[in-house]
Amino acid sequence: MTDVLHAGLDLLDRQIVDRDGELVGKVDDLELTDPEDGPPRLVALLTGAQAYGTRLGGRLGGWIVSAAGRLGGTKQPVRIPFELVEKVGPSIRLSAAVSELERVERVDHWLRDNFIGRIPGAGNAPE
Amino acid sequence: MKQILTIALGVLTAIGGFMDIGDLVTDALIGARFGLALVWVTVVAVIGITAYSEMCGRVAAVTQRTVFDLVRERLGPRVALFNIVGSYMVNALTLVAELCGVALAFELATNVNYMLWVPLVAVLAFLVVWRMPFEIMERLYGVLGLALFVFVVAVWQLGPDWGQMAHDVTHPTVPPGEGTPTYLFYALVMLGAQMTPYEVFFFSSGVVEHGWDRDKVGQIRVNNVLGYVIGGVLAIGIQATAYLVLQPRGIQVAHLSQTVLPVVTAFGQVGLALVIVGIFAAVFGSVLETLLASGYTVAHHFGWRWGKFERPVNAARFSTVILVTLLGAAGFALTTIDPIKITIYAVYLGVLTLPLTWLPILVIANDRRYMGAEVNGRLANAVGVVYLVLVTVAAVAALPLLIATKGGL
Amino acid sequence: MKRLLLFGLTAAVVFGACVGPSRTDRDYRRKVANTAEAVISAVESARLTADLATAGRAPAPYVALRLSESEESAAAVETGFAAVQPPNRELDDLRTETLDAVGAATEVLARLRIAAYRGELHELREIALELEGPVGRLRDLTKVATS
């Protein structure tokens, strides 16, 4: 990845997929460091409701961050360290599997365990 | 031979999805009130939806990205959020109308009040989306939906004056007693009925889910053109039957039972049976499509796992959105709201969501970094730009026109 | 500024009062015409259905459904129109005339619905003949807004 990436155009709002092609989420925001010497460096991709809310900004964004904070237990966004990014293209491919990522898919699992999973037939594929 | 079969099946699916309660009601209502004076709008709309559906399909095949995924990437999260909230709400309203439509088909057959059928239809929809193999369903409602062509055959049976009809189609005039604003209002209704937003999301999702890629672009094109043209013929057929049977008698369409009167006039009980089967199949198909589209709208924006072939537990957020939407829509349908009015409003408001949904598609379809060799040609761009301008003008005019005509009174 | 506003308001009220009666007169006539059109729609649907039923071309559940919908539509229009206040005494006669025609139509529509629910499909065309009179009067009433 030695080509120049324009963070706004090439990364933000792209789909993140894991090693096996499973959907992980969207690049809702980016984490940058701001060292005294040199330009800001990209450290991590941020995804999930907290990151999305921060990115939206305004009152609606703030509301989303608080709601996500209450439901998820923390207002900190879900981080995917940039080292895990293998390829940048129409989607961002990671070198890890989604199960290896921290805190990703917690909402999905919660819904699965407490709601969807309790409805008969949910574990079977429609085809 | 296999190629022809595949194409035929694809076309069937396109038609089955194309015909929904919105088309049925608006074509009959407009035919009864304006005769053939808005057929030209049907033609205009078919060209537009074919162009954008093809573009969406091509973009999805080449980039493996769906409409709302791309909308967010191109317009940014704030504008995209505004777009999907609007699209989701219009889609949900459409779902209410479609649920009522299937229930009304049951009522036509049995004279048991449609509201008693709404819960049954919702349960059926849930079962199909949850468990049943979707491809079989698509083929089934595509084939059975063809029974609606009894409308087209009825035009012949009613023995019209073809010369007069040809004249009325090519010389559209506002009928005496109707104002020009009302005519324009119904032109927008017609536009919205033929260019329904959910078809496009559903189609692009389907392309990605079936794993169609660059090689299938030609087939996508054929499916689209054939499907929408044939669907357009059906739409014009419905308008023509209303023009021949309802308009001369001064019958206005306020109930589904009136839309089928011309078919009963032409073919009696057999005609009625066919048309009820057709309505049931086509509208139930649309229930499934709008229901899934509501999930796609949200899931594609946020990057969640989605898919009609997925186990519900594997895509819990997507499945939750679908379930909640279904329950909400069924509940709303049970509040005794007039289903015909809901249908007209859903169709009309759909026009408002088109500009922001189509713009990113047009932009991406022109971007060589995404599309490579399959980038838009001059024809696709010419048609695309013209129609984008058209739907933007329509969207801007929609609310003032709604107020000025008091909802098309 | 305040005086200008007051002047404008007074002018509007005075002007409105001058234009008023004839404008409401026209609105009421249009209401009569719309009412007549709506009832004609219900009546003609019923007549067509009755013909099809007697000819054996339509099944009983559909016929019963269609006729009861026609009756409900016409009755709703009738109630809605009866509730509207005629703007002046000159229009009272028009109101009575309209309600007479509409009432005659809804009465026959009710009888059609009753017969349909009893399964007497073959009788329907004959009953529907009684709609000729009211329909004629209603068609005349559709023209009152343009006279």
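The preceding data block contains the structure.
Residues numbered from 1 in each chain as written. Chains lettered and ligands numbered in written order. Predicted model: local features only at pLDDT ≥ 70, side-chain atom pairs only at ≥ 80, totals over all residues.

## Digging into the overall build of chain B
And step 1. Summing up its helical and strand segments, chain B has 17 helices and zero strands in all.
And step 2. Taking 409 residues into account, the globule formula puts the C-alpha radius of gyration at 22 Å, and chain B, at 20 Å, falls close to it.
And step 3. Dimensions of chain B, computed from the C-alpha atoms along their principal axes, are close to 55 × 50 × 45 Å.
And step 4. Contacts in chain B between residues far apart in sequence, at least 24 positions, make up 85% of those at least 6 positions apart. (Helix = DSSP H or I, 4+ residues; strand = E, 2+ residues; numbered from the N terminus. Rg over C-alpha atoms; globule rule 2.2 N^0.38 Å. Contact = placed C-beta atoms within 7 Å.)

## What about the overall build of chain A?
And step 1. Each helix and strand counted, chain A has four helices and seven strands in total.
And step 2. Along its sequence from the N terminus, chain A presents helices and strands in the succession α-β-β-β-β-α-α-β-β-β-α.
And step 3. Looking at the 127 residues of chain A, the share that counts as buried comes to 31%. (Buried ≥ 20, exposed ≤ 12 C-beta atoms within 10 Å, placed from the backbone.)

## Let's talk about the interface of chain A and chain B
And step 1. Contacts between the two partners involve 26 residues from chain A, matched on the other side by 27 residues from chain B.
And step 2. Elements with a minimum of two residues in the side of chain A that touches chain B: β1 (15–17), β2 (23–26), α2 (49–56) and α4 (106–114) of chain A.
And step 3. Looking at which element gives the most residues to the side of chain A that touches chain B, the answer is α4 of chain A, with four residues.
And step 4. Class assignment of the residues belonging to the side of chain A that touches chain B gives a composition of twelve nonpolar, six polar and eight charged. (Nonpolar A, V, L, I, M, F, W, Y, C, P; charged D, E, K, R; others polar.)

## Side note on the arrangement of the chains
And step 1. The assembly contains two pairs of chains in contact; the pair sharing the most contacts is chains A and B.
And step 2. One thing to see here is that chain A and chain C don't touch, and their nearest C-alpha atoms sit 37 Å from each other.

## Considerations on the packing of helix α2 (residues 21–34) of chain B against helix α15 (residues 339–365) of chain B
Residues and elements named next belong to chain B.
And step 1. Between α2 and α15, the least distance of the axes is 9 Å, while the angle of their chain directions is 105°. Regarding the angle of α2 to α15, the classification is roughly perpendicular. Only Ile340, Thr343, Ile344, Ala346 and Val347 of α15 make contact with α2, whose side of the interface consists of Ile21, Gly22, Val25 and Thr26.
And step 2. When the residues that make up the contact of α2 with α15 are grouped by side-chain class, the tally is six nonpolar, three polar and no charged. (Axes fitted to C-alpha atoms, helices over the stretch in contact; angles between N-to-C directions. Parallel < 35°, antiparallel > 145°, perpendicular 65-115°, else oblique.)

## A look at the interface of chain B and chain C
And step 1. Each partner contributes residues to the interface: chain B has 19 residues there, and chain C has 17 residues.
And step 2. If you tally residues by element for the side of chain B that touches chain C, the top one is helix α13 (residues 261–302) of chain B, at six residues.
And step 3. Here the residues of the side of chain B that touches chain C sort into seven nonpolar, ten polar and two charged.

## Details of the nonpolar core
And step 1. Ranked by size, the top nonpolar core spans 213 residues in total, and within it Leu99 and Ile361 of chain B together with Val39 of chain C carry the most contacts.
And step 2. Per element, the largest residue contribution to this core is 23 residues, and it comes from α13 of chain B. (Core = buried A, V, L, I, M, F, W, Y, C linked by C-beta atoms within 7 Å.)

## Structural notes on the pairing of strand β7 (residues 91–94) of chain A
Residues and elements named next belong to chain A.
And step 1. Note: β1 against β7, three bridges, orientation parallel. Looking at β7, one finds that valine 17 is bridged to arginine 93.
And step 2. In terms of strand pairing, strand β6 (residues 85–88) meets β7 through three bridges, oriented antiparallel. Residue pairing across strands places valine 88 opposite isoleucine 92, the latter belonging to β7. (Pairing = 2+ DSSP bridges.)

## Some details on the sheet that holds strand β3 (residues 29–33) of chain A
Residues and elements named next belong to chain A.
And step 1. A sheet is described by the order of its strands in space; here three strands give the open sequence β3-β4-β5, paired in antiparallel fashion. Lying at the two open borders of the sheet, with one neighbouring strand each, are β3 and β5 (78–81). The mean angle between the axes of side-by-side strands here comes to 35°, regardless of whether they run parallel or antiparallel.
And step 2. Judged from the five bridges that link them, β3 and strand β4 (residues 41–47) form a sheet pairing that is antiparallel.

## Here we look at the environment of glutamate 178 of chain B
And step 1. Among the secondary structure elements, glutamate 178 of chain B is positioned in the loop between α8 (162–170) and α9 (180–194).
And step 2. In this structure, the C-alpha to C-alpha distance between glutamate 178 of chain B and phenylalanine 34 of chain B, residues 144 residues apart in sequence, is 8.6 Å.

## Comments concerning the sheet that holds β1 of chain A
All names here are of chain A.
And step 1. With mixed pairing, four strands are arranged side by side in an open sheet as β2-β1-β7-β6. The open sheet has two free edges, formed respectively by β2 and β6, since each of these has just one partner strand. On average, each strand axis in the sheet is inclined to that of its neighbour by 25°, with strand direction left out of account.

## Quick notes on the packing of helix α3 (residues 92–117) of chain C against helix α5 (residues 132–141) of chain C
Residues and elements named next belong to chain C.
And step 1. Between α3 and α5, the least distance of the axes is 9 Å, while the angle of their chain directions is 145°. Regarding α3 and α5, the two cross each other, and that crossing is left-handed. In this structure, α3 uses Thr98, Ala101, Ala104 and Ala105 to contact α5, whose residues at the interface are Gly133, Pro134, Arg137, Leu138 and Leu141.
And step 2. Classifying every residue of the contact of α3 with α5 by side-chain character gives six nonpolar, two polar and one charged. (Left-handed = near helix turned anticlockwise from the far one by under 90°.)

## Let's talk about the pairing of β5 of chain A
All names here are of chain A.
And step 1. Across the two faces of β5 the burial differs, with Val78 and Ile80 buried and Arg79 and Pro81 not buried at all.
And step 2. Where β4 lies against β5, four bridges are found, and the strand directions are antiparallel. When the sheet's bridge partners are listed, leucine 46 is paired in β5 with arginine 79.

## Section: unusual backbone geometry
And step 1. Positive phi is not limited to glycine here, since aspartate 13 of chain A has a value of about 65°.
And step 2. With respect to the helices and strands, the residue aspartate 13 of chain A is situated in the loop between α1 (7–11) and β1.
And step 3. The residue threonine 336 of chain B is not glycine, and still its phi comes out positive at about 60°.
And step 4. Among the secondary structure elements, threonine 336 of chain B is positioned in the loop between α14 (316–333) and α15.

## Examining the environment of alanine 329 of chain B
Residues and elements named next belong to chain B.
And step 1. With respect to the element layout, alanine 329 can be found in helix α14.
And step 2. We classify alanine 329 as buried; it has 27 C-beta atoms within 10 Å.
And step 3. Along the chain, alanine 329 and threonine 94 lie 235 residues apart, while their C-alpha atoms are 9.1 Å from each other.
And step 4. Apart from the residues within four sequence positions on either side, alanine 329 is in contact with Ala92, Leu95, Val96 and Leu99.

## Side note on helix α11 (residues 217–246) of chain B
And step 1. Taking 1.5 Å per residue, 30 residues should reach 44 Å; α11 of chain B reaches 42 Å between its end C-alpha atoms and fits that length.
And step 2. Counting buried positions along α11 of chain B yields 21 of 30 residues, so the element is predominantly enclosed. (Expected span 1.5 Å × (residues − 1).)

## Concerning helix α3 (residues 39–63) of chain B
And step 1. Across its 25 residues, α3 of chain B extends 36 Å between first and last C-alpha, which sits within 8% of the 36 Å expected from 1.5 Å per residue.
And step 2. After α3 of chain B finishes, the residue glutamine 64 of chain B shows a positive phi value of roughly 55°.

## Details of the environment of leucine 402 of chain B
All names here are of chain B.
And step 1. Position of leucine 402 relative to the elements: it lies in helix α17 (residues 378–404).
And step 2. The class of leucine 402 is partly exposed, set by 16 C-beta atoms lying within 10 Å.
And step 3. For the pair leucine 402 and glutamate 107, spaced 295 residues apart in the sequence, the C-alpha separation amounts to 31 Å.
And step 4. Excluding its chain neighbours within four sequence positions, the residues that come into contact with leucine 402 are Tyr348 and Gly407.

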